[in-house]
Amino acid sequence: MRKDFDVIVIGGGHAGCEAALASARMNQSTLLITSNLDTIAQMSCNPAIGGLAKGQLVREIDALGGEMAKVIDKTGIQFRMLNTGKGPAVRSPRAQADKKQYQFLMKRILEEQANLFIRQEMVDRIYVKNGRVEKVVGESGINYNARTVIITTGTFLDGKIHCGSSITSGGRAGDPPSIELSACLKELNFEIGRLKTGTPPRINSNSVNLDRLQAQYPDERPQPFSFSTLRLESPQVPCYITYTNKNTHDIIKKNIDKAPLYTGQIDAVGPRYCPSIEDKVFRFPDREGHQLFLEPEGLETHEMYCNGISTSFPPEVQEELVHSINGMESAHITRYGYAIEYDFISPTQLKPSLETKSIENLFLAGQINGTSGYEEAAAQGIMAGINASLKLRGENPLILDRSEAYIGVLIDDLVTKGTKEPYRMFTSRAEYRLLLRHDNANRRLTKYGYRLGLVSQEVWDDFCEKEEMIEKVNHYIRNRTNGNNTLLKILRRPDCDFNHLLELDKTLKEFNIPETVQQQIEIENKYEGYIQRQQAQIDKFKKMENYHIPDWLAFERIPEIRIEARQKLSNINPTSLGQASRISGVSPSDITVLMLYLEGKRKILAKE
């Protein structure tokens, strides 16, 4: 029995899968240890991948060499591009998944990965020696020695499930919580809080009058998530739209004294941007109805996910609530909704590499850091796996900044600002979203994936070939004229797209330009002025980010900085002036003082 590993990943959710694959592919002997092998990569809530801003995260994971995009491309049953009527900066891909097929495929990929071992066991303790992680101990009593450990426990840390007045211990319905590990983390003096999330009831589609509902069909020409996917082959199916109504809202108001959120039974903070239906009704009293999506959970099941009515009401109230909705009057509930509260670790205790500040070689990723969503979890997972491996190699961590990836925005937000509620990614969180589009994630990040050995030579060669094509076509349309205008000027007209150029110029058509290349050329040239303005902002941003703050600096010894700012700076311990400027409670004047102080110190050191 093997007991010594370079990397041990605790937890088999979306963060754990990406972390384990990344470290194994970087030639580290890796153990993925999880409480139930049958629930690896399970979609505990919505059976979907992507969405607004989340789709960008998935494509970035793919560009770095991760697996989520490839798996959803093979198991997705409805692909849609969101916000197509808006600018390219806010368009995002989303796909419904066949949740079981997604889960089974990801598990098989893990099982076939070289350097990766998988074991079913609950981890009870982590042992630390001289400030460095040493080993983990399973409930069996087996000691697993580890050079690095990545914790990706999702909602399992001291998880409690609420359905009406019923409270049961669980990491999710049907799975036990991780109580001993939670206690261990408290003993290791981590600052721990409680968060809450929830899930709606599921129903049998055969019991729903779908003819009365609005069908939502997949895109006619669906786009895959992965840059390496050539075509989508899974059958595509519709979702259905319906609405709550006055009767629904009256039922909720009448029974609000039975909702754990309102009785004080739940103390934890829930997600602001994905509230329960009872919360929505009371927060928006003037709304006559809330939109719901009935989403199929797979091709081989009749279960549907009722997206929009997440609730922790007792079963009898859920029955009444569901049956008040148009088309669902006779719906058979297969699973009741519930709320779950769980421990999380305040992410300001992490370095930008996702390594904990207090314990060397211990990394955290996913909902344990206060995030919500499969995509946010997977993004952290791949970064933790990469940085744990780089740490073992003695190399600097990979830190993506806010100007080059949504992943950079996500991690910077967490480690710099922390969170008091489940964090969710939005396009509005990214200052440079025009440059951080879903369509150019490979152009931003593939170089890192290839350098790390996570992107294959074949994928890299294809990427380089397309880059050469973009350069070649851009040169051609800048110099090729049609009448009194260059093709570039024609392309920039509001009523023209790349297809117009192909119709005007037969030589251009002979280039056989892939559609993805056409898209890049069109976007970059049409929005060139905006892109240049944003690039200028990034250049200023880079100056602050590249102004490094040394590890030895004691902020509390700079009396000219306000007391509150000194405390915040000491707590976060920022690595650059840029990061320091984003800390809540640190003012521009504090940053000016800090910069002057650092300049003075550097002059003194230079003389010495």
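Analysis parameters
- Residues numbered from 1 in each chain as written.
- Predicted model: local features only at pLDDT ≥ 70, side-chain atom pairs only at ≥ 80, totals over all residues.
- Heavy atoms only, no water.
- Helix = DSSP H or I, 4+ residues; strand = E, 2+ residues; numbered from the N terminus.
- Buried < 20%, exposed > 50% of the residue type's maximum accessible area, 1.4 Å probe, protein only.
- Contact = heavy atoms within 4.5 Å.
- Salt bridge = Lys/Arg side-chain N within 4 Å of Asp/Glu carboxyl O.
- Polar contact = N/O pair within 3.5 Å; in protein donor to acceptor, adjacent residues only side chain to side chain.
- Pairing = 2+ DSSP bridges.
- Core = buried A, V, L, I, M, F, W, Y, C linked by side-chain atoms within 4.5 Å.
- Axes fitted to C-alpha atoms, helices over the stretch in contact; angles between N-to-C directions.

Asks: Looking at this structure, how should I read the environment of Val71?
Replies: Mapped onto the elements, Val71 comes out in helix 3 (residues 68–75). Taking the relative accessible area as the measure of exposure, Val71 reaches 1% and is therefore buried. In the structure, Val71 is positioned 155 residues away from Ser226 in sequence and 8.9 Å away in space, judged by C-alpha atoms. Discounting chain neighbours no more than four positions away, the residues touching Val71 are Tyr102, Leu105, Met106 and Ile109.

Asks: Please clarify how the side chain of Ser205 should be interpreted in this entry.
Replies: Counting through the fold element by element, Ser205 comes out in the loop between strand 13 (202–204) and strand 14 (214–216). In this view, Ser205 contacts Leu210, His302 and Met304; residues no more than four positions away in its chain are not counted.

Asks: I keep staring at the pattern of salt bridges and nothing clicks. Help me out?
Replies: Should the charged atoms of two oppositely charged side chains come close, the side chains can pair. One pass over the structure, following the stated rule, counts 45 salt bridges. Residue Arg108 pairs with Glu112 through a salt bridge whose shortest N-O separation is 3.8 Å. Of this pair, Arg108 and Glu112 both sit in helix 4 (residues 99–112), separated by four residues, roughly a single helical turn. The class of Arg108 is partly exposed, set by a relative accessible area of 46%. We classify Glu112 as exposed; its relative accessible area is 60%. Arg402 is paired through a salt bridge with Asp413; the nearest N and O atoms lie 2.8 Å apart. You can see Arg402 sitting in the loop between helix 10 (374–393) and helix 11 (406–417) and its partner Asp413 sitting in helix 11, a full eleven residues away along the chain. Taking relative accessible area as the criterion, Arg402 reaches 3% and is therefore assigned buried. A network of salt bridges, in which partner residues are shared, links Arg402, Asp412, Asp413, Lys417, Glu431, Glu545 and Arg582.

Asks: What should I look at first to understand the environment of Ile368 in this one?
Replies: In this fold, Ile368 is placed in the loop between strand 20 (362–364) and helix 10. For Ile368, a relative accessible area of 0% puts it in the buried group. A C-alpha to C-alpha distance of 39 Å links Ile368 and Glu329, two positions 39 residues apart in sequence. If we ignore the near neighbours within four places in the chain, the residues touching Ile368 are Ile151, Thr153, Gly154, Leu157, Leu185, Phe344 and Ile345.

Asks: Just checking my understanding: could you explain the side chain of Thr155 for this structure?
Replies: With respect to the element layout, Thr155 can be found in the loop between strand 9 (143–151) and strand 10 (160–163). Here the side chain of Thr155 touches Gly171 through a polar contact of 2.6 Å, landing on its backbone oxygen. With residues up to four places along the chain from it excluded, the contact list for Thr155 reads Gly170, Gly171, Thr197, Ile340, Tyr342 and Gln367.

Asks: In this structure, what is going on with unusual backbone geometry? I would like to understand it.
Replies: In terms of backbone geometry, most residues other than glycine have negative phi values and most peptide bonds are trans. Phi at Asn115 is positive, roughly 70°, even though this residue is not glycine. Within the secondary structure, Asn115 is located in the loop between helix 4 and strand 6 (116–120). Even without glycine at this site, Asn573 takes up a positive phi of about 55°. Within the fold, Asn573 resides in the loop between helix 19 (563–572) and helix 20 (577–581). For Asn573, a relative accessible area of 36% puts it in the partly exposed group.

Asks: Even after reading the chapter, I still don't get the pairing of strand 11 (residues 166–169), so can you show me in this structure?
Replies: Look at any regular strand and the pattern is simple: side chains alternate between the two faces of the sheet. Alignment of strand 10 against strand 11, held across four bridges, turns out to be antiparallel. When the bridges of strand 11 are listed, Cys163 appears paired with Ser166. Turn length for the strand 10-strand 11 hairpin, with the two strands adjacent in sequence and antiparallel, is two residues, and the turn residue Gly164 shows positive phi of about 65°.

Asks: Looking at this model, I keep getting lost on the nonpolar core. Mind explaining?
Replies: Soluble, globular proteins show a tendency: their nonpolar side chains are buried together. By size, the foremost hydrophobic cluster in this structure holds 92 residues, and its most contacted members are Ile8, Ile10, Tyr102, Met383, Ile386 and Ile407. Ranked by the residues each element gives to this core, the list is headed by helix 10, at eleven residues. Not counting residues up to four positions away in its chain, the partners in contact with Ile386 are Ala22, Met26, Leu398, Leu452 and Leu454. Ile251, Ile252, Ile256 and Ile277 belong to the second-largest nonpolar core, a separate cluster that totals 23 residues.

Asks: Help me out: how do you make sense of the pairing of strand 4 (residues 76–82) in this one?
Replies: Counting buried positions along strand 4 gives six out of seven residues, so the element sits mostly inside the fold. Two strands pair when backbone bridges link them, and strand 4 and strand 5 (residues 92–97) are joined in this way by six bridges, in the antiparallel orientation. Counterpart to Gly76 in the pairing with strand 5 is Ala97.

Asks: Is there a simple way to explain the sheet that holds strand 5 in this structure?
Replies: Strands belonging to one sheet form pairs held by backbone hydrogen bonds; the direction of such a pair is parallel or antiparallel. Strand order in the open sheet formed by three strands is 3-5-4, and the pairing between neighbours is antiparallel. Two strands lie at the open edges of the sheet, namely strand 3 (48–50) and strand 4, each paired on one side alone. In this sheet, neighbouring strand axes are inclined to one another by 15° on average, regardless of whether the strands run parallel or antiparallel. The strands touched by helix 2 (residues 54–64) within the sheet are strand 3 and strand 5, with strand 3 carrying the most contacts at an inclination of about 80°. Sitting on the sheet, helix 3 touches strand 3, strand 4 and strand 5, and the angle it makes with strand 4 is about 115°.

Asks: Would you take a moment to explain the environment of Glu341 for this structure?
Replies: Residue position: Glu341 is located in strand 19 (residues 338–345). By relative accessible area, which is 8% here, Glu341 ends up buried. Along the chain, Glu341 and Gly270 lie 71 residues apart, while their C-alpha atoms are 8.6 Å from each other. Ignoring sequence-local partners within four residues, the contact set of Glu341 consists of Asp158, Gly159, Lys160, His162, Arg194, Leu195, Lys196, Gln265, Ile266, Asp267 and Ala268. Among the polar contacts listed, one links the side chain of Glu341 to the side chain of His162, at a separation of 2.9 Å.

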